[in-house]
Every structure is written in C-alpha cells, then in structure tokens.
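Spelled out, the chains give:
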Amino acid sequence: MKLSQRLTHINNMIPKGYSHIWDCCCDHGLLGAALLDKQATNMINFVDIVPALMQQLTTKLERFYPQQTSRQWQVHCSDVSAIPLEQHPQIPLVIIAGVGGDLMIELVNSLCQQHSARNIDFILCPVHHQYELRQQFIKLDCDLIDEKLIEEYRRFYEILYVRYGGQKPHKNTNEVNYSQLKQRASKITA
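Residues numbered from 1 in each chain as written. Predicted model: local features only at pLDDT ≥ 70, side-chain atom pairs only at ≥ 80, totals over all residues. Heavy atoms only, no water.

Some words on the pairing of strand 1 (residues 20-24)
Quick note on the threshold: Categorising residues by exposure relies on relative accessible area from a 1.4 Å probe, with only protein chains included: less than 20% of the type maximum marks a residue as buried, more than 50% marks it as exposed, and the intermediate range marks it as partly exposed. Secondary structure is summarised from DSSP: a helix means a run of H or I of at least four residues, a strand means a run of E of at least two, and numbering begins at the N terminus for each. In this scheme, strands are said to pair when DSSP sees at least two bridges between them. Seen with the strands pointing away from the viewer, any crossover whose path from the first strand over the helix to the second strand runs clockwise is right-handed.
In terms of residue burial, strand 1 counts as a mostly covered element, since five of its five residues are buried. Here strand 1 runs beside strand 2 (residues 43-48); their pairing, made up of five bridges, is parallel. Considered in strand 2, the bridge of aspartate 23 is made with phenylalanine 46. Traced from strand 1 through helix 2 (residues 30-37) to strand 2, the parallel crossover comes out right-handed. As defined by bridge partners, strand 1 adjoins strand 4 (residues 93-97) across four bridges and the pair is classed as parallel. By the bridge assignment for strand 4, isoleucine 21 is matched with leucine 93.

Details of the nonpolar core
Within soluble globular proteins, side chains that are nonpolar tend to cluster in buried spots. Our working rule: Here, nonpolar core refers to any group of buried Ala, Val, Leu, Ile, Met, Phe, Trp, Tyr and Cys residues whose side-chain atoms link them within 4.5 Å.
Grouped together as the largest cluster of nonpolar side chains are 31 residues, with contacts concentrated most on Ile10, Ile21, Ile95 and Ile123. Where this core is concerned, the elements lending two or more residues are helix 1 (5-13), helix 2, strand 2, helix 3 (51-64), strand 4, strand 5 (120-125), strand 6 (143-152) and strand 7 (155-164). Listed in part, the 26 residues of the second largest apolar core include Val99, Met104, Leu124 and Cys142.

Here it is in structure tokens:
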C-alpha cells in the first residue's frame, strides 16, 4: 500500500545507522514495512497494544518479509512504555505517529523515566496538542534534530525529530536547540 504524506515524510527523515527502530502505535505496519523495503536498519520493531492488529501484521510480515539476515523484524503486542530499550546499547529510534500529543507526552515521559541514563531519539507526529508536546521536550532538555510542518487532508501536522539524553546529536544544518524552539513558540503565541 502507498504511504500517506505524513508517513512518507517520516520515512524520509530517518537516516541509516540505527540498529533498532521502534514503530510504535503502528496499526497496520505501513511505515515499518517501508523501512524494511529501504533496509533502514538491522531490526524494525512493530509495537501496538491491539492483539488482533498485531496478529494480522505478523501474518503479513511472515508472508512478504520472511526473516532474512538483511531484513529483520519483531512484532510486540504491548504498551509502548514497556518496550525493552535496555536490551540494546545503541541509541534507539522510537517513532510514534497518529495519536494525540497528550498520549505521546505520557509515553515519552514513561520511556525517559525508565531509561534516564541513556539517549533515545524520537520521531513524533501528533494529531493534536503539539504545543504541549514541545513544552514537554523543553522540560526534558531534549535537542531538536529536525522538524517539518506538512499539510494533509486540509490539516497541518508537525513532525518532530528529537534526542533525549546526554549525548548530543551530530550537528547538521537543520539542528535547532530547544531554547531557540522556546523563542519560536513564544513568538507564535504572542
């Protein structure tokens, strides 16, 4: 199936180099499948809490992506806050899209509290509560790696790519720190 504009932009933002990518709240797994197609990483983890969706996804993945050394995947029917990031020492990428910012704040806070001593990269695309989500990243002292504003079906969506933790991301032309982001947010609300 064709990716939506939002998922296409998220897919294009993801650089190679992560050893594990967690496609959370993945529904039917379209983004993760696109990541498997482009061989974005060694392991794609599909995460959703709905058992029926995860069973259907497992069946599709077994059919279209039989386990090979170059395209590995796992399906996790669990709450996002319970994903086992501690099992892998490299910086993980956690993607959450298509849910509200309030739920994202809850999930991000839970992951950051459980794994406070490590770096975690997030790509997030909330359907609402973007301002509150940005404020939470300011409180967590995260670094903004990249951001996009897109329009889809007459609605605007923000895609945020941020890093939580002590090891700062590589400098690039798109990087902005959250003090700059705070200044932008105050100008918008003024």
